[in-house]
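Residue strings, one per chain:
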Amino acid sequence: MLMRLSLLAAVALLAGCSTAPAPVAPSKPDATKQDWYAQAVAQLAALNLEAERLFERGQADAAAAAITRGQPLASRLLSVPQPSLPATEAAADLDDLYGRMLLSNRHYGWARLAFQKNLARWKNWTPQTAESTRRMQRAAGQIADCDRRLAQ
């Protein structure tokens, strides 16, 4: 009986010595709901539009400068845990235009890389929509075009 009591006391003592559970970290606010995020999406969309217009007018250097200004914005927008659809579309549009510029300059390997980013982006987008499927197919076609040109 004494043995059982001592064993029970030892177990109770050891149970009281366990470490406290780790504190639960407070949840971070959703960055996509903050003002800076919406402003950055709008700014990137405007840069994309400017770069597209410049590229269409044959002003490649000015278009490249606009694309370069947009790249840090795209990186920041996509760095949040779950980027919004408008942010992802704006970043994809920037990569698409950059790839098309590289393609026009016969930098097929670099263009392929830009298009591959879009293919991966839209292949892994959830939920899949008609628009994400269209963008994924476009990127796949652009990659195929790069491959054909690389093989020549």
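Since the model is a prediction, treat every value here as computed from it, not as a measurement.

Here is what the cut-offs are and how they apply
- Residues numbered from 1 in each chain as written.
- Predicted model: local features only at pLDDT ≥ 70, side-chain atom pairs only at ≥ 80, totals over all residues.
- Heavy atoms only, no water.
- Helix = DSSP H or I, 4+ residues; strand = E, 2+ residues; numbered from the N terminus.
- Contact = heavy atoms within 4.5 Å.
- Areas by Shrake-Rupley, 256 points an atom, 1.4 Å probe, with all protein chains shown as cover.
- Buried < 20%, exposed > 50% of the residue type's maximum accessible area, 1.4 Å probe, protein only.
- Expected span 1.5 Å × (residues − 1).
- Polar contact = N/O pair within 3.5 Å; in protein donor to acceptor, adjacent residues only side chain to side chain.
- Phe/Tyr/Trp six-rings, centres within 6.5 Å; stacked < 30°, edge-to-face > 60°.
- Lys NZ or Arg CZ within 6 Å of the ring centre and 35° of its normal.
- Axes fitted to C-alpha atoms, helices over the stretch in contact; angles between N-to-C directions.
- Parallel < 35°, antiparallel > 145°, perpendicular 65-115°, else oblique.
- Left-handed = near helix turned anticlockwise from the far one by under 90°.
- Nonpolar A, V, L, I, M, F, W, Y, C, P; charged D, E, K, R; others polar.

Caption draft 1: Here's a closer look at the overall build of the chain. Each helix and strand in the chain was counted, giving six helices and zero strands. Going from N to C terminus, the chain has its helices and strands arranged as α-α-α-α-α-α. For the chain, restricting intrachain contacts to residue pairs at least 6 apart in sequence, the fraction spanning at least 24 positions comes to 66%. In the structure as shown, the chain presents an accessible area of about 10,200 Å², 60% of it carried by carbon and sulfur atoms.

Caption draft 2: Representation of the environment of Leu103 within the structure. Among the structural elements, Leu103 can be located in helix H4 (residues 85-104). The buried category is assigned to Leu103, whose relative accessible area is 11%. Taking C-alpha positions, Leu103 is 7.5 Å from Cys146, a pair spaced 43 residues apart along the chain. Among residues more than four places away in sequence, those in contact with Leu103 are Tyr108, Ala111, Phe115, Asp145, Cys146 and Arg149.

Caption draft 3: Broad picture of helix H3 (residues 60-78). For H3, with 19 residues, the first-to-last C-alpha span of 26 Å sits near the 27 Å given by 1.5 Å per residue. Taken as a whole, H3 has its buried residues at Ala63, Ala66, Ile67, Gly70, Leu73, Ala74 and Leu77. Buried-residue contacts for H3 involve helix H2 (35-56) and H4.

Caption draft 4: Structural context of the side chain of Arg135. By the element assignment, Arg135 lies in helix H6 (residues 130-151). Only 2.9 Å separates the side chain of Arg135 from the side chain of Glu131, close enough to count as a polar contact. Not counting the four nearest positions on each side in its chain, Arg135 is found in contact with Glu89, Ala92, Asp93 and Trp122.

Caption draft 5: Geometry of the packing of aromatic side chains. Counted by the stated rule, this structure contains two aromatic pairs. Look at Trp36 and Tyr37: their rings are 5.3 Å apart centre to centre, the planes differ by 80°, and that puts the pair in the edge-to-face class. A relative accessible area of 22% places Trp36 in the partly exposed class. A relative accessible area of 1% places Tyr37 in the buried class. The interplanar angle of 55° and the centroid separation of 5.8 Å between the aromatic rings of Trp122 and Trp125 together place this pair among those described as tilted. The same class applies to Trp122 as to Trp125, namely buried. If you follow Arg76 out to its NZ or CZ, it ends over the ring of Trp36, 3.9 Å from the centre.

Caption draft 6: The arrangement of the packing of H2 against H4 in detail. Interhelical geometry of H2 versus H4 gives an angle of 25° and a closest axis separation of 9 Å. Here H2 is positioned roughly parallel relative to H4, judged by the angle of their axes. Between H2 and H4 lies a crossing whose hand is left-handed. Between H2 and H4, the residues in contact are Tyr37, Val41, Leu44, Asn48, Ala51, Glu52 and Phe55 and Pro86, Ala87, Ala90, Ala91, Asp93, Leu94, Leu97, Arg100, Met101 and Ser104, respectively. Classifying every residue of the contact of H2 with H4 by side-chain character gives twelve nonpolar, two polar and three charged.

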